[in-house]
Amino acid sequence: MLKRLLIAIVGIVLIGAIAVVGLSWHSAIAPIAPLAAASFSPQLVEQGAMLAGQGNCAACHTIKGGAQLAGGVPLATPFGTIYSTNITPDPATGIGSWSQAAFKRAMHEGVRQDGAHLFPAFPYTHFAMVNDADLTALYAWLMTRPAVVAPAKASTLPFPLDQRPLQAGWKLLYFDKAADSTNAAKSVDWNRGRYLAEGLAHCAACHTPRNALGAERKDDPYRGASIDGWFAPALTAANTTPLPWTETELFTFLRRGATTLHGSAVGPMSEVVHDGLALSSDADVHALAVYFADMNGSATRPETNAAASATALAGVMAKSATVAGQFNNHGATLYLSACASCHSNSDGKPNALRPELALNSALTEPDPANLIRVILHGVGRAEGMPDLMMPGFAQSLTDADVVELAGWLRGRTTSAPWQNLAASVAAIRKNSAP
Ligand code: HEC
Ligand code: HEC
Ligand code: HEC
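Residues numbered from 1 in each chain as written. Chains lettered and ligands numbered in written order. Predicted model: local features only at pLDDT ≥ 70, side-chain atom pairs only at ≥ 80, totals over all residues. Heavy atoms only, no water.

A. Inspection of the coordination of the iron atom of ligand 2 at higher detail. Ligation of the iron atom of ligand 2 by protein atoms is provided by His207 (NE2) and Met269 (SD), these donors lying 2.1 to 2.2 Å from the ion. Take histidine 207: its relative accessible area is 10%, and that puts it in the buried class. (Donors = N, O, S within 2.8 Å, 3.2 Å for Na, K, Ca; no water. Buried < 20%, exposed > 50% of the residue type's maximum accessible area, 1.4 Å probe, protein only.)

Below is the structure:
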């Protein structure tokens with residue numbers, strides 16, 4: 001009901017906006033004959049591969065186990081499912097007939113070769129900041145991939161939201177085509193980090209909450225948001241982990257996929273680290289760390305040192321000490337039997353190979369999704385720390401068990417219980433295949 005109402009409002013607003021702009025119209029850009037792969041220099045193609053990683057093109061354009069960049073990946077939005085398109089150089093069903101100018105317009109303005117608007121599920125609102133040199137390299141990489149025949153799949157967006165001309169209204173409201181500008185008050189690294197984060201790497205697309213029309217809330221950037229059944233935590237001072245995300249912690253997390261003091265990159269974040277940033281230089285990863293460490297103000301928080309981590313752990317130790325007396329507490333019993341063999345840290349020091357749950361954002365963030373997902377499905381070998389895995393408990397724990405366990409773990413680290421835990425566990429078990 002609410003959803004329908006929302007859709008109706010969306011429709012009205014968009015149509016209203018259209019009326020204001022008067023149909024903003026783009027012309028088609030003439031198709032070109034397929035380009036020979038040999039017309040691009042190997043160096044340019046290599047640079048393009050690195051950039052494609054930073055932009056996570058594969059995460060959205062390649063189906064797991066399917067042909068590279070052939071599209072068809074379903075992206076769930078509150079309004080319906082949108083499918084990514086084929087961006088291989090197939091001239092009929094991919095972008096093989098797109099000139100570089102057509103590609104650049106798509107990335108900078110969200111407009112297709114034929115002049116139609118693209119939906120913002122394609123993060124052109126961020127790609128608009130990518131400079132021409134980087135787009136030239138990306139184009140070279142795309143045009144030298146194997147061509148795959150794969151026609152586009154229709155979205156399940158209801159009328160009138162499926163109407164591409166209406167996107168002009170959305171753009172008028174939410175698309176700020178501001179180009180990259182240097183902030184002279186900040187360091188070179190910070191400016192590089194900003195260019196990557198706000199542009200190609202589109203970190204905000206997952207970490208910034210969205211408004212009712214699906215646009216990122218510019219008034220609340222990086223405040224944390226739900227994405228594909230996961231929760232992307234706040235990257236500002238609002239981050240809830242006990243220890244600050246310093247430049248070093250951020251660098252280690254983004255470079256290796258895990259840190260002793262914060263835990264592992266899992267789910268969609270694991271793809272960002274292990275597939276996305278894998279080919280990036282240390283300098284680029286460092287620049288991202290500089291930018292976000294400045295944003296979260298970690299420099300003004302206590303150092304991530306032995307003393308600070310001991311304080312955080314001591315609180316948990318004190319509570320764990322009473323576990324023995326809690327055998328009538330089902331959550332505590334489950335923790336001792338299913339988790340403590342790996343996540344115990346009885347000497348009060350974080351273990352580099354086992355995330356210390358007291359320090360992990362999964363327990364302290366406002367949304368229990370990440371903890372529930374990890375308990376049910378574990379952590380795969382390719383996620384987090386390479387070659388290390390955690391078993392899933394979907395087969396051995398009932399929904400009621402997971403509710404007790406998650407509730408008990410939450411109680412060890414914060415005094416604000418999660419609301420509606422039972423509904424979250426049931427929904428995640430239903431919607432997330434292992
Ligand atoms: C968050 C998901 C996501 C990411 C990341 C993403 N895309 Fe897309 N892309 C889409 C979707 C969805 C569409 C289809 C939009 C539509 O139909 O309006 C699309 C469409 C496109 C199109 C238009 C193709 C056509 O035939 O209309 C191009 C070009 C494109 N993407 C290139 C890229 C490149 C290059 C990257 C990496 C730098 C990238 N995309 C990363 C989701 C994504
Ligand atoms: C496709 C969605 C997506 C994108 C894009 C993305 N993230 Fe994430 N990120 C997540 C999710 C989901 C989590 C929570 C899972 C986890 O802890 O690994 C997360 C976790 C994190 C964390 C750990 C926070 C904590 O308190 O545990 C950091 C730091 C982070 N992301 C930084 C970034 C940066 C920097 C970028 C851009 C380079 C980025 N993310 C891009 C989805 C995303
Ligand atoms: C066999 C050892 C083992 C058991 C048992 C185990 N874990 Fe884990 N757990 C791990 C390892 C290893 C990782 C890190 C995996 C990686 O980074 O690749 C992990 C990661 C995690 C994470 C961190 C995810 C993140 O974002 O940093 C959470 C939360 C977690 N486990 C909770 C639990 C809970 C709750 C239980 C009990 C139901 C449990 N684990 C049982 C080994 C285990």
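B. Looking closely at the site of ligand 2. By nearness alone, 24 residues border ligand 2, and Cys203, Cys206, His207, Met269 and Ser361 come closest of all. Within the contact set of ligand 2, an oxygen atom lies 3.5 Å away from a backbone nitrogen or oxygen of serine 264. A distance of 2.8 Å is found between an oxygen atom of ligand 2 and a backbone nitrogen or oxygen belonging to valine 266. Going through the elements one at a time, α9 (204-207), β4 (230-232), α10 (247-256) and α11 (268-276) are the ones with two or more residues in the shell around ligand 2. Within the shell around ligand 2, the residues separate by chemical class into 18 nonpolar, six polar and no charged. (Near = heavy atom within 4 Å. Polar contact = N/O pair within 3.5 Å; in protein donor to acceptor, adjacent residues only side chain to side chain. Helix = DSSP H or I, 4+ residues; strand = E, 2+ residues; numbered from the N terminus. Nonpolar A, V, L, I, M, F, W, Y, C, P; charged D, E, K, R; others polar.)

C. Main features of the site of ligand 3. Looking at ligand 3, there are 26 residues lining it, with Ser264, Cys339, Cys342, His343 and Met390 nearest. Histidine 343 is positioned with one of its side-chain polar atoms (N or O) 2.8 Å from a nitrogen atom of ligand 3. Taken together, the elements giving at least two residues each to the shell around ligand 3 come down to β6 (263-264), α14 (330-339), α16 (369-377) and α17 (399-413). Sort the elements by how many residues they give to the shell around ligand 3 and α16 lands first, with three residues. A domain split of the shell around ligand 3 shows at least three residues from each of domain 2 (191-300) and domain 3 (320-431). (Domains from an automatic or database assignment.)

D. Structural context of the nonpolar core. Counting residues in hydrophobic clusters, the biggest one holds 49 residues, and the most contacted among them are Phe103, Leu138, Leu142, Ala197, Leu254, Leu288 and Phe292. Of all elements in the fold, only α2 (42-54), α4 (100-109), α6 (132-143), α8 (188-198), α10 and α12 (282-296) reach the threshold of two or more residues within this core. Considering every element that reaches this core, the biggest residue donor is α6, with eight residues. The two domains that each donate at least three residues to this core are domain 1 (2-26 + 41-174) and domain 2 (191-300). Once residues lying within four places of it in the same chain are set aside, the contact partners of phenylalanine 292 are Ala197, Cys203, Tyr222, Leu235 and Leu250. (Core = buried A, V, L, I, M, F, W, Y, C linked by side-chain atoms within 4.5 Å. Contact = heavy atoms within 4.5 Å.)

E. Focus on the coordination of the iron atom of ligand 1. With respect to protein ligation, the iron atom of ligand 1 binds only His61 (NE2), at 2.0 Å. The residue histidine 61 is located in helix α3 (residues 57-61) in this model.

F. Geometry of the packing of aromatic side chains. All chains considered together, the criterion is met by eleven aromatic pairs. With centroids separated by 5.7 Å and ring planes inclined at 65 degrees, the aromatic side chains of phenylalanine 122 and phenylalanine 127 adopt a geometry described as edge-to-face. Their ring planes at 65 degrees and their centres at 5.2 Å tell us that tryptophan 190 and tyrosine 291 sit as a pair that is edge-to-face. Taken together, the residues span a long stretch of sequence, with tryptophan 190 in helix α8 and tyrosine 291 in helix α12 at a distance of 101 residues. You can call tryptophan 190 buried: its relative accessible area is 10%. Residue classification places tyrosine 291 among the buried residues on the basis of a relative accessible area of 7%. Taken together through their ring pairs, the aromatic side chains of Phe122, Tyr124, Phe127 and Phe175 make up a single cluster. The positively charged end of lysine 171 is found above the aromatic ring belonging to tyrosine 124, 5.0 Å away from the centroid. (Phe/Tyr/Trp six-rings, centres within 6.5 Å; stacked < 30°, edge-to-face > 60°. Lys NZ or Arg CZ within 6 Å of the ring centre and 35° of its normal.)

G. Spotlight on the packing of α14 against α17. Across the interface, α14 lies against α17 with an axial gap of 8 Å and an inter-helix angle of 95 degrees. Of the possible angle classes, the one that applies to α14 and α17 is roughly perpendicular. Between α14, through His330, Gly331, Ala332, Leu334, Tyr335 and Cys339, and α17, the contact on the second element is made entirely by Asp401, Glu404, Leu405, Trp408, Leu409 and Arg412. Among the residues making up the contact of α14 with α17, the classes are represented as seven nonpolar, two polar and three charged. (Axes fitted to C-alpha atoms, helices over the stretch in contact; angles between N-to-C directions. Parallel < 35°, antiparallel > 145°, perpendicular 65-115°, else oblique.)

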